[in-house]
Amino acid sequence: MFRIIKKETMAQGITALTITAPEIAAKAKAGHFVVVVAKENSERIPLTIANTDKTAGDITLIFQEVGFSTKELGLLNVGEHLEHLLGPLGTATHIENYGTVICIGGGVGIAEVWPVAKAMKEAGNRVIGILGARSRDYIILEDQLSLICGELFITTDDASYGRKGLVTDSLRGLLQAVEKSTHTQYPELVYAVGPVVMMKAVSELTKEYHIKTMVSLNPIMLDGTGMCGSCRVSVAGKVMFACVDGPEFDGHLVDFLELQKRLNSFKEKEACLNIACPRKT
Amino acid sequence: MPMRQQNPQERIRNFFEVALGYSKEDAQKEAERCLLCKEPLCVQGCPVEIDIPAFIKLLREDKPQEALSKIKEKNNLPAVCGRVCPQEDQCEGRCILNKKKVPINIGALERYAADYGKVHSQKGLSASDHRLSIKIAVVGSGPAGLTAAADLAKMRYSVTLFESLHVPGGVLSYGIPEFRLPKEIVHEEIAAIKNLGVELKTDILIGKTFSLVDLFEAGYKAIFLGLGAGLPQFMGIPGENLDRVYSANEFLTRVNLMRAYKFPEFKTPVSIGKKIAVIGGGNVAFDSARCGARLGSQVSIIYRRGEAEMPARHEEIQNAKEEGITFQLLTQPVKIIGLDTGFVSGVECVKMQLGDPDSSGRRRPVAIAGSNFVLDADTVIIAIGQTPNPLLAKVTPELKTTPRGTVIIDKNYMTSIHGVFAGGDITTGADTVIAAMGAGKRAARAIDHYIKKVESRMAEIKKTTIQDILSLKNKRKITMLTAYDYPLALLVDRAGIDMILVGDSLANVVLGLDSTTKVGMNEMLHHAKAVSRAVTHSLVIGDMPYESYQLNPGKTVENAKRFIEEARCDCVKLEWFDQCLEVTEKTISSGVSVMGHIGLTPQTADKLGGFKVQGKDAQAAQKLIDQARALENAGCFAIVLECVPDKIAEIITQKLTIPTIGIGAGMSCDGQVLVTHDMLGLFERFTPKFVKKYLDLGPLILKAIEEYKNDVLQKRFPGQEHSFSIKNEELIKLKT
């Protein structure tokens, strides 16, 4: 049983839970995830570890309440327990001093970019951040990321904050500026987490510029330990299990279209659950 | 006599158990048929060696409780085995009555005893019983792990069972469906194992949450890996990543472990259409097919050989047929066809014919050219086999595996990592529940042997004290060797030698000097420190060099203390000289223990007339006896006798209450010492008569060095395996 010691609403429908899990905290690195079972009959769902406090022995999960299971998780309160928690899972982000790294987060993906940006900064990189969301209210962790990123760009779909448009607009702007400049250089790495379409768009753009790009994928998972193959993705034409081989892959090699389709596998079933959803949103 | 079953029309609509088990009357009747053979063949067919006639006899006497106890002596999961064992290939296959095709239904009887017995409390060991403090980690709670854990708990070890999923049982929980093995039965069997004192920890993935090193550091003395074969195989044909294409593992885990058949009460969905194609002919394929049928779909099994070649149990094939599952035999899928939405719409197959037998003895299926056709299907389940999950091996490079991914073990079930054992599907690839249980059982025995060996060695590697040496006199011979550096001291210590002397022979054998008197305190301390760092068991003796006491008797105590405080020696050795008694007493009263040394004392060899045997006449012998006695009175804890006639050494040994350690002093001494370099053949200049050469290392080393030299000269070393590489793409970048 894993106790919830802190709960915070980051934005409408985006919740942060801090959970006592010393064994997981001791091993957790940027890029790792956990599998959560909220209640006895709940699904097993994967969530990226957004923050780790090794001294206190706790981890923080930040998630968007989109489906039944995340909504069910969002209903738990401080003092209550998660039924099951397994981790840390996946292959941790490869951290090294690349030089300049652009970290891009879209929506709740900002929470997943946060630990990576932090680790990249600690490794000596110059970190540039680009955060994107529907509107101002959905931009999370801006304060935390502004401390890490030398420059932080924000885009919103509705122009309520930052630049109107998509993260790729900001990214293109940065890359074009380098193109025209005589003294600035392209970033060595772009790291992007967000909706599949966003990661796809970022990867297509950076491919034009031959900039190495890593994306963290979010396919459907079941056990999270390489046992079922539910999370299989095609990378450079090869079948990979995101839970153990990833979840990070070279964005230039990922078959995003297939990933997007595989995410629809249970949509019909999910709809049926949402009717019975405790919050009926 | 077969068990009663739910009728097919009924059972196809539920997940309840198909076989209903024996009534009391059925069981009695079947038990009566048993011939209770004196030399039962059935037992030979049982991988866990259950005394089958004995338990059947107890059933015949209407003692099901006792029958269960008899089974449990060997089998920790009787209710499971009674249901899922392939008895036709094991006990029942060997039954003498099988010659007339009417074997005793041993599986049904085992199941009857287990089901009857479970309502009664279990006797024997319980969690509260006294346990050994020795901790053993069992990783994976499937059939192999559960069996190993239970057997080790019965041997009173403190066992922790680690499971990565949130529910224990491994394949019994996630793989085998409810209608073949009710989960309640599995949980009861596991509860019984927990009652033996096994501590179960779910939600821990070894390799991620804890490494194997973490487990050893947490005090586990041995680790058993029973991780099973959990990695699903795919065919590598187009369309395998379409929606509603499942590995059997995923499909079964959703349905069995996560109870998708009770969706939405249980929140994990499984998405299937009206027509399921299951690919494969083993038990896993049949479990998947029969789950699919119960979820309301039409199911066909696609198998590339014929029905006779199907590896599934005969009973399951019959059950599947009764449940309306159809077979596409001699058929091989070549492509899964999908819609634009990403969902499956069919499977393109090719017809096969059987050719010559392959390595497994089964006839190899060969594709018939041009026979392609499309099978209508909206869901595909791939059940063509599983291999071990590579995760642990990937993060533990020391854990050696075969190219198939199975973990390599020796005949004692030990992996390439000392103290780490493995058994079950992780070492064999996918096999039966009972085979894994048999492996778990034998591995538990091997672990017990290993622990006992380690424990007795632990007693041996306890640090030796002066008191230990004193108490060895008249009990057993004492062993002593020299060492001057870390690597050799490690080996001498590991071999369990009682005392290690950091001798002033350092001068000759290591430093190349011509006399022991030429080595000083600084050199001696330097080497003594290295030896102390290596030693955990032996008593370490610092040999006082000539300059430290004979040349400066006033400095003896100060120098002796340096050996203890700076070099961490346990005591010092002083050679006899004219002021020996005086400085020995002073040293001992300062708190430093002293070993004496009489006979040929090399530091004063010149005065003795060179390197020759001492005490050869009565007067000289008496002098030695007197010296020895005086040293004992001065407080020495032992005395080295060097180059003394064996009879004189015998007399001295008899007269003293402290041990004598001989070197060239015959077999009567309480112990023996040699210069290690001499007995290994590492010091070639001079070998005294009293040395026995156990090894001739010098020429061996010379040969190796010459080989190296030639390899380098002729560019045979280093090879690819000794070199580091860089990715080609990085090299290209470097060039541009």
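All right, on to the overall build of chain B then. The number of helices and strands found in chain B is 30 helices and 26 strands. Dimensions of chain B, computed from C-alpha atoms along their principal axes, come out at roughly 110 × 85 × 50 Å. For chain B, buried positions account for 55% of its 736 residues. For chain B, contacts bridging at least 24 residues in sequence account for 65% of all contacts bridging at least 6. Surface summary for chain B: the accessible area is close to 33400 Å², and the carbon and sulfur share equals 54%. A distance of 2 Å separates the average location of the 93 positive side-chain charges in chain B from that of its 87 negative side-chain charges.

A few words now on the sheet that holds strand E16 (residues 379-382) of chain B. The strands making up a sheet are joined through hydrogen bonds of the backbone, oriented either antiparallel or parallel. Residues and elements named next belong to chain B. The strand order across the open sheet formed by five strands is E8-E16-E9-E10-E11, and the pairing between neighbours is parallel. Since the sheet does not close on itself, it has two edges, and those belong to strand E8 (245-247) and strand E11 (326-328), each with one partner. Between one strand axis and the next, the sheet turns by 25 degrees as a mean value, whatever way the strands run. In this fold helix H14 (residues 283-294) packs onto strand E9 (275-279), strand E10 (298-302), E11 and E16, with an angle of close to 165 degrees to the strand it touches most, E10.

For the rest of this paragraph, the subject is the interface of chain A and chain B. At the junction of the two partners, chain A supplies 43 residues and chain B supplies 45 residues. For the pair chain A and chain B, the summed buried area comes to about 3700 Å², and 56% of that belongs to carbon and sulfur atoms. Close ionic contact of Asp214(B) with Lys27(A) constitutes a salt bridge, the shortest N to O distance being 2.1 Å. For the pair chain A and chain B, the interface holds 20 residue pairs in polar contact (both at pLDDT 80 or more).

Turning our eyes to something else, we now look at the sheet that holds strand E21 (residues 539-543) of chain B. Residue and element names in this part refer to chain B. Strand order around the closed barrel formed by eight strands is E19-E20-E21-E22-E23-E24-E25-E26, with parallel pairing between neighbours. Between one strand and the next, the sheet's axes are offset by a mean angle of 25 degrees, whatever the strand orientation. Sheet strands touched by helix H26 (residues 618-634): strand E23 (594-599) and strand E24 (638-642). Its angle to E23, the strand with the most contacts, is close to 175 degrees.

This part is about the packing of aromatic side chains. One pass over the structure, following the stated rule, counts 13 aromatic pairs over all chains. Cluster of aromatic residues (ring-pair linked, three or more members): Phe266(A), Tyr246(B) and Phe251(B). Looking at Lys135(B), its charged tip hangs above the ring of Tyr220(B), at a distance of 4.4 Å from the centre. Above the ring of Phe179(B), the side-chain terminus of Arg294(B) is found at 3.7 Å from the ring centroid.

What follows is about the domain arrangement of chain A. Residues and elements named next belong to chain A. Along its sequence, chain A is carved into domain 1 (2-89) and domain 2 (100-216). Between the C-alpha centres of domain 1 and domain 2 there is a distance of 25 Å. Between domain 1 and domain 2, the residue contacts involve 13 residues of the former and 13 residues of the latter. Summing both partners gives a buried area of about 1100 Å² for domain 1 against domain 2, and 67% of it is carried by carbon and sulfur. Of all the elements, strand E4 (residues 45-53) adds the most residues to the side of domain 1 that touches domain 2, at four residues. Here the residues of the side of domain 1 that touches domain 2 are counted per class, giving eight nonpolar, five polar and no charged.

Let us look at the domain arrangement of chain B. When its domains are assigned, chain B resolves into domain 1 (4-119), domain 2 (135-231 + 388-456), domain 3 (234-384), domain 4 (466-695) and domain 5 (702-735). The gap between the C-alpha centroids of domain 3 of chain B and domain 5 of chain B is 50 Å.

Here the focus is the pairing of strand E7 (residues 84-89) of chain A. Residues and elements named next belong to chain A. With respect to burial, E7 is a largely interior element, six of its six residues being buried. Of the pairings in the sheet, the one linking strand E3 (residues 33-37) to E7 comprises four bridges and is antiparallel in character. The residue of E7 that forms the bridge with Phe33 is Leu89.

This part takes up the pattern of salt bridges. Side-chain pairing between opposite charges can occur once the charged atoms of the two side chains come close. All names here are of chain B. Counted according to the given criterion, the structure contains 43 salt bridges over all chains. Glu307 is the partner of Lys321 in a salt bridge, and the nearest nitrogen-oxygen pair spans 2.8 Å. Here Lys321, found in helix H15 (residues 314-322), pairs with Glu307, found in the loop between E10 and H15; they are 14 residues apart in sequence, far enough to count as distant. Asp514 is the salt-bridge partner of Lys518, the closest N and O atoms lying 2.7 Å from each other. By relative accessible area, Lys518 is classed as partly exposed at 49%. Look at Asp514 and you get exposed, because its relative accessible area is 58%. The network of salt bridges with shared partners includes Arg11, Arg180, Asp287, Arg290, Arg294, Glu316, Glu322 and Glu323.

What follows concerns helix H5 (residues 167-180) of chain A. Residues and elements named next belong to chain A. Here H5 is 14 residues long and its end C-alpha atoms lie 20 Å apart, about the 20 Å a rise of 1.5 Å per residue gives. Of the positions making up H5, those classed as buried are Val167, Thr168, Ser170, Leu171, Leu174, Leu175 and Val178. Burial along H5 is one-sided: seen end-on, the buried residues are contained in an arc of 160 degrees. At its buried positions, H5 is contacted by strand E8 (100-106), strand E9 (126-133), strand E10 (151-156), strand E11 (163-164) and helix H6 (196-208).

Definitions and limits used
Residues numbered from 1 in each chain as written. Chains lettered and ligands numbered in written order. Predicted model: local features only at pLDDT ≥ 70, side-chain atom pairs only at ≥ 80, totals over all residues. Heavy atoms only, no water. Helix = DSSP H or I, 4+ residues; strand = E, 2+ residues; numbered from the N terminus. Buried < 20%, exposed > 50% of the residue type's maximum accessible area, 1.4 Å probe, protein only. Contact = heavy atoms within 4.5 Å. Areas by Shrake-Rupley, 256 points an atom, 1.4 Å probe, with all protein chains shown as cover. Lys, Arg positive; Asp, Glu negative; His and termini not counted. Charge placed at Lys NZ, Arg CZ, Asp CG, Glu CD. Pairing = 2+ DSSP bridges. Axes fitted to C-alpha atoms, helices over the stretch in contact; angles between N-to-C directions. Buried area = accessible area lost by both parts, 1.4 Å probe. Salt bridge = Lys/Arg side-chain N within 4 Å of Asp/Glu carboxyl O. Polar contact = N/O pair within 3.5 Å; in protein donor to acceptor, adjacent residues only side chain to side chain. Phe/Tyr/Trp six-rings, centres within 6.5 Å; stacked < 30°, edge-to-face > 60°. Lys NZ or Arg CZ within 6 Å of the ring centre and 35° of its normal. Domains from an automatic or database assignment. Nonpolar A, V, L, I, M, F, W, Y, C, P; charged D, E, K, R; others polar. Expected span 1.5 Å × (residues − 1). Arc of directions from axis to C-beta.

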